[in-house]
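Breakdown of the fold
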Amino acid sequence: MQDNGFEVTPWDVEGNVDYRKLVEKFGTEIITDKLKKDIKKQAGEDHMYLRRDYFFSHRDLGKVLKDHERGDGFFLYTGIGPSGPMHIGHIIPFYFSKWLQERFDVNLYIQVTDDERYWTGDGTTEEIESYAEKNIMDIAGVGLDPDRTFVFKNKEYMGNMYEAAVKISEKINFSVASSVFGFNSSTNIGMIFYPAVQMIPTFFEKKRCLIPAAIDQDTYWRAQRDIAEKLGYHKAAQIHSKFIPALTGPEGKMSSSKPRSAIMLDDSPAEVREKVMKKAYSGGQVTKEEHRKKGADLSVDVAYQWLKNLFMENDDRLEEIGRKYSSGEMLTGEIKEILAEKLNSFLEEHRKRKEDRGEELKRKMMYEGKLARRMWDKKVDLR
Ligand code: TYM
């Protein structure tokens, strides 16, 4: 853990993250009201994740909007490390990408890092393959455009990308990699090579690449931005989200390695309700009498924070809940009920889409859709 009480790396988040400090430390920029207005203008509508500052930081987002306005276009890239079943935190960047894809009419590339997760020791080859298949089915449940989305597993697609990996890895030396990623002499050399692999999709098109993801992935993009122009490409742009905390408290992030304190996409409605009612960290007071007098601390209350960041679209209703709960008029059990209901309707819609069209969308996004066919026909090089 670092001196400021929190640490964020691509593999772990610890402590209570101070997002302002993190922006300073990483050298990113806060999404200003002006930028939000510009996005709204070009997208033709607002998005709750931006309005509530869940997506809060960026690099070069203004340039992306300019490219779009000029008609030069851009493309989207995001990914998943198949280390287990997906939780709510994992799927949010994919829903946000869907909105961006629809509103800006752009291609989206999704990298499934079966190589990375083997090197980080997240399972056997068979386990990781099985997580990858299940994760891709969940991504299919998001309902992305099957002709403008390409989902690929690194090990399977590597033959088409290796030329690019060779060129990228030549530009990064161990001294830079170890200082940026914290590698040391006991890190396996797969992990040392891996950053080049995660950078490849930023070079899939000559246009600017915009990456929607939580800010934990930023390290890769800092390294990409150091070398992109030398290779004749744009520096990758990003739009960063905060982390959804575990149910049990505001510290760290929700993680599939702690499924009991996470909401998993395949949790049943009864499991969701039980986890929220029993586990969600409360900013309310210990006794009912005290709560009625003092009210809740919204800043640490997981149910309120989740509603605010992700699940309560209606601004007036959110304001009302915040007012009543912080004054003690609403009890912890009541706000938790509201959250459990919202989560269950979100998950039900997700599962329904997955059951109805998941297999078909998966096949198209991986192999048969327009963009997928084009990508399988192509050798990715940096020319
Ligand atoms: P992974 O599998 O750790 O995470 C997948 C995506 O989910 C985001 N995320 C979260 N967001 C909010 N709250 C949380 N608690 C939370 N946990 C995870 C991550 O930021 C990420 O967007 N190496 C990557 C895979 C990858 C990738 C990419 C991710 C390859 N290329 C490009 C983003 C963009 C990984 O293991 O992600």
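An account of the accompanying structure is given in this report.

Rules of the game
Residues numbered from 1 in each chain as written. Predicted model: local features only at pLDDT ≥ 70, side-chain atom pairs only at ≥ 80, totals over all residues. Heavy atoms only, no water. Helix = DSSP H or I, 4+ residues; strand = E, 2+ residues; numbered from the N terminus. Buried < 20%, exposed > 50% of the residue type's maximum accessible area, 1.4 Å probe, protein only. Areas by Shrake-Rupley, 256 points an atom, 1.4 Å probe, with all protein chains shown as cover. Salt bridge = Lys/Arg side-chain N within 4 Å of Asp/Glu carboxyl O. Axes fitted to C-alpha atoms, helices over the stretch in contact; angles between N-to-C directions. Parallel < 35°, antiparallel > 145°, perpendicular 65-115°, else oblique. Contact = heavy atoms within 4.5 Å. Nonpolar A, V, L, I, M, F, W, Y, C, P; charged D, E, K, R; others polar. Near = heavy atom within 4 Å. Polar contact = N/O pair within 3.5 Å; in protein donor to acceptor, adjacent residues only side chain to side chain. Expected span 1.5 Å × (residues − 1). Bend = angle between axes of the 7 residues up to and from the residue. Pairing = 2+ DSSP bridges.

Take the overall build of the protein next. Regarding its fold elements, the protein presents 17 helices and 9 strands. In terms of overall dimensions, the protein has C-alpha extents of about 70 × 50 × 45 Å along its principal axes. Across the 383 residues that make up the protein, the buried fraction comes to 55%. Summed over all atoms, the accessible surface of the protein reaches about 17300 Å², with 48% contributed by carbon and sulfur.

Turning our attention to the pattern of salt bridges. Under the criterion given, the structure shown has 38 salt bridges. Here Glu170 makes a salt bridge to Lys171, at a shortest N to O gap of 3.0 Å. Residue classification places Lys171 among the partly exposed positions, given a relative accessible area of 32%. When salt bridges with common partners are traced through the structure, they connect Asp46, Arg51, Arg52, Glu313 and Asp315 into a single cluster.

What follows concerns the packing of helix 8 (residues 154–170) against helix 10 (residues 189–199). Between helix 8 and helix 10, whose axes approach to 9 Å, the crossing angle comes to 100 degrees. Considered as vectors, helix 8 and helix 10 are oriented roughly perpendicular to each other. Here helix 8 contributes Asn154, Met158, Tyr162, Ala165, Ile168 and Ser169 to the contact with helix 10, which in turn contributes Phe193, Tyr194, Ala196, Val197 and Met199. Tallied by class, residues from the contact of helix 8 with helix 10 come to 9 nonpolar, 2 polar and no charged.

With respect to spatial proximity, 27 residues lie near the ligand, and among them Tyr77, Gly81, Arg117, Asp216 and Ile244 are the closest. Taking Gly89, its main chain carries an N or O atom lying 3.3 Å from a nitrogen atom of the ligand. Within the side chain of Gln111, an N or O atom sits 3.0 Å from a nitrogen atom of the ligand. Contributing elements (two or more residues each) for the shell around the ligand: strand 5 (74–80), helix 5 (88–104), helix 6 (114–119), helix 10 and strand 8 (208–214). It is strand 5 that provides the largest number of residues to the shell around the ligand, a total of 4 residues.

What follows concerns helix 8. The first and last C-alpha atoms of helix 8 sit only 19 Å apart over 17 residues, clearly below the 24 Å expected at 1.5 Å per residue. Taken as a whole, helix 8 carries its principal kink of about 75 degrees at Asn160. Along helix 8, the residues that are buried comprise Asn154, Tyr157, Met158, Asn160, Met161, Ala164, Ala165 and Ile168.

Across the sheet, which stays open at both edges, the 7 strands sit in the order 3-4-9-8-5-6-7 with mixed pairing between neighbours. Each edge of the open sheet carries a strand with a single partner, namely strand 3 (29–30) and strand 7 (149–153). Pairing between strand 3 and strand 4 (residues 55–59): 2 bridges, direction antiparallel. When the bridges of strand 4 are listed, Glu29 appears paired with His58. In the packing of helix 11 (residues 218–227) onto the sheet, contacts are made with strand 4, strand 5, strand 8 and strand 9 (237–241), and the angle to strand 9 comes to roughly 165 degrees.

To continue, consider the pairing of strand 5. With 6 of 7 residues buried, strand 5 lies mostly within the body of the structure. Note that strand 5 and strand 8 share 3 bridges and pair parallel. Note that in strand 8 the partner of Leu76 across the bridge is Leu210. One ladder, built from 5 bridges, connects strand 5 with strand 6 (residues 108–112); its direction is parallel. Bridging across to strand 6, Tyr77 finds its partner in Tyr109.

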